[in-house]
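Residue-level listing of the chains:
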Amino acid sequence: MEPCLEIRSLSAVLPNGQRVLRSVSLTVQPGEVRALVGESGAGKTMIGKAVLGVLPKSVRIVEGEMLIEGESLGRLDAKARRTLIGARTALIPQDPLTALNPSRRIGPQTTDRLVRILGWSGEKADERIRQLLQEVQIREPERVLKCYPHELSGGMRQRVLIAAAFAAEPRLIVADEPTTALDVTVQKQILRLIAQLQRNHGTALLFVTHDLGVVAKISQKVSVLYAGKVVEEAATPDLFASPQHPYTRALIAATPRYTDPYASLMPVNETVLAGLADEVAGADRAWRPSHG
Ligand SMILES: Nc1ncnc2c1ncn2[C@@H]1O[C@H](COP(=O)(O)OP(=O)(O)O)[C@@H](O)[C@H]1O
Ligand SMILES: [Mg+2]
């Protein structure tokens with residue numbers, strides 16, 4: 001089967017000569033979730049932007065090739081490239097607020113893209129968005145379609161953008177830290193929702209995150225990015241079971257416990273606990289009102 005996305009030895013530089021991507025290669029197969037993990041500044045967003053054809057003007061690709069479903073982007077003229085990327089890919093952004101136009105209602109701004117890029121009729125686009133708003137468990141789609149972005153919570157805005165991303169049935173969705181800007185309580189719901197829609201629609205996902213806990217939950221494959229370079233790639237369970245690169249090991253060691261948030265409270269040893277118990281008991285005695 002043709003990979004959904006193939007990046008071959010992609011290198012990119014800034015005007016000052018700084019390399020932001022160093023011979024990056026990665027593949028996303030149809031329907032698969034590949035996580036791209038690395039700390040802030042590693043170049044994760046840059047890779048996402050390269051795929052979506054929206055690199056900043058200052059960034060120059062100096063080497064490499066990108067293929068979407070076997071079509072090499074470099075061989076197409078700018079217009080054909082935009083059309084291909086528009087039809088086959090979509091983005092779930094990091095910050096749902098800045099990704100939405102503040103002065104337009106949700107309805108027109110989510111259907112616009114379907115009309116413009118896919119040539120759908122307004123009615124068809126409307127129908128499709130309504131259907132997707134239900135899939136992302138928005139209970140009052142009619143009300144939400146009439147809202148301006150600021151009238152919705154962060155979680156609701158991200159649901160809207162997830163709906164919009166899946167609406168056009170892209171083969172590949174780039175999700176760039178899609179839960180980072182949200183309240184902790186909402187993050188889990190949104191992650192679950194993305195995973196659910198991904199499975200139901202069979203969409204391939206390039207999931208960008210700095211969080212290994214998220215990698216463990218959502219992906220089958222993972223690429224570890226460090227200073228613009230893929231230092232390791234593996235099936236996700238293998239990466240956790242036997243990380244090969246020192247950076248990956250450090251990243252795992254720095255993550256308290258990616259499955260159990262309470263486990264990070266464990267390092268306190270028995271002696272410390274016993275001391276703590278004495279202290280508490282002492283404090284108790286001190287607080288007890290004395291009756292002479
Ligand atoms: N618009 C831009 N113009 C020039 N350099 C940028 C721009 N955005 C990011 N960079 C630089 O590119 C590198 C990678 O950034 P980015 O892809 O945003 O990292 P990540 O998403 O992994 O945190 C960093 O050194 C960053 O400072
Ligand atoms: Mg980023």
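Residues numbered from 1 in each chain as written. Chains lettered and ligands numbered in written order. Predicted model: local features only at pLDDT ≥ 70, side-chain atom pairs only at ≥ 80, totals over all residues. Heavy atoms only, no water.

Participant: In this structure, what is going on with the sheet that holds strand β10 (residues 229–235)? I would like to understand it.
Facilitator: Backbone-to-backbone hydrogen bonds join strands into a sheet, with any given pair of strands oriented parallel or antiparallel. The mixed open sheet is built from 6 strands, whose spatial order is β6-β7-β8-β3-β9-β10. For this open sheet the edge positions go to β6 (89–92) and β10, each flanked by a neighbour on one side alone. In this sheet, neighbouring strand axes are inclined to one another by 20° on average, regardless of whether the strands run parallel or antiparallel. Direction of pairing for β6 relative to strand β7 (residues 172–176): parallel, over a ladder of 4 bridges. (Pairing = 2+ DSSP bridges. Helix = DSSP H or I, 4+ residues; strand = E, 2+ residues; numbered from the N terminus. Axes fitted to C-alpha atoms, helices over the stretch in contact; angles between N-to-C directions.)

Participant: Hey, could you run me through the packing of helix α5 (residues 122–135) against helix α7 (residues 154–167) in this one?
Facilitator: For any two helices packed against each other, the geometry is given by the interaxial angle and the distance between the axes. Relative to each other, α5 and α7 sit at 125°, their axes nearing to 9 Å. With respect to each other, α5 and α7 are oriented oblique. α7 is crossed by α5, and the crossing has right-handed handedness. Residue-level inspection shows Arg128, Ile129, Leu132 and Leu133 of α5 in contact with α7, the latter providing Val160, Ala163, Ala164, Phe166 and Ala167. Considered class by class, the residues forming the contact of α5 with α7 number 8 nonpolar, no polar and 1 charged. (Parallel < 35°, antiparallel > 145°, perpendicular 65-115°, else oblique. Left-handed = near helix turned anticlockwise from the far one by under 90°. Contact = heavy atoms within 4.5 Å. Nonpolar A, V, L, I, M, F, W, Y, C, P; charged D, E, K, R; others polar.)

Participant: Please explain α7 as it appears in this structure.
Facilitator: Count 3.6 residues to each turn of an α-helix, and residues three or four apart come out pointing the same way. For α7, built from 14 residues, the straight-helix expectation of 20 Å at 1.5 Å per residue is met to within 8% by its first-to-last C-alpha distance of 20 Å. Among the 14 residues that make up α7, 12 are buried, leaving the element largely enclosed by the rest of the structure. All of the buried residues along α7 are Gly155, Arg157, Gln158, Arg159, Val160, Leu161, Ile162, Ala163, Ala164, Ala165, Phe166 and Ala167. Glu169 lies just past α7 and shows a positive phi near 50°. (Expected span 1.5 Å × (residues − 1). Buried < 20%, exposed > 50% of the residue type's maximum accessible area, 1.4 Å probe, protein only.)

Participant: I'm lost on the packing of aromatic side chains in this one. Help?
Facilitator: The description of an aromatic ring pair rests on the distance of the ring centres and on the angle between the ring planes. This model, assessed by the stated rule, comprises 1 aromatic pair. Aromatic side chains Tyr226 and Tyr247 sit 4.4 Å apart centroid to centroid with 40° between the ring planes, which places their arrangement in the tilted category. With a gap of 21 residues between them, Tyr226 in strand β9 (residues 221–226) and Tyr247 in helix α11 (residues 246–254) connect regions that are remote in the sequence. A relative accessible area of 39% places Tyr226 in the partly exposed class. (Phe/Tyr/Trp six-rings, centres within 6.5 Å; stacked < 30°, edge-to-face > 60°.)

Participant: In this structure, what is going on with the packing of helix α4 (residues 106–118) against α5? I would like to understand it.
Facilitator: As a packed pair, α4 and α5 sit with axes 9 Å apart at the nearest point and diverge in direction by 130°. The angle between α4 and α5 falls in the class oblique. Our pair here, α4 against α5, has a crossing hand that is right-handed. When α4 is examined against α5, the residues Thr110, Thr111, Leu114 and Val115 are found in contact with a partner set consisting of Gly122, Ala125, Asp126, Arg128 and Ile129. Residues of the contact of α4 with α5, tallied by class, amount to 4 nonpolar, 3 polar and 2 charged.

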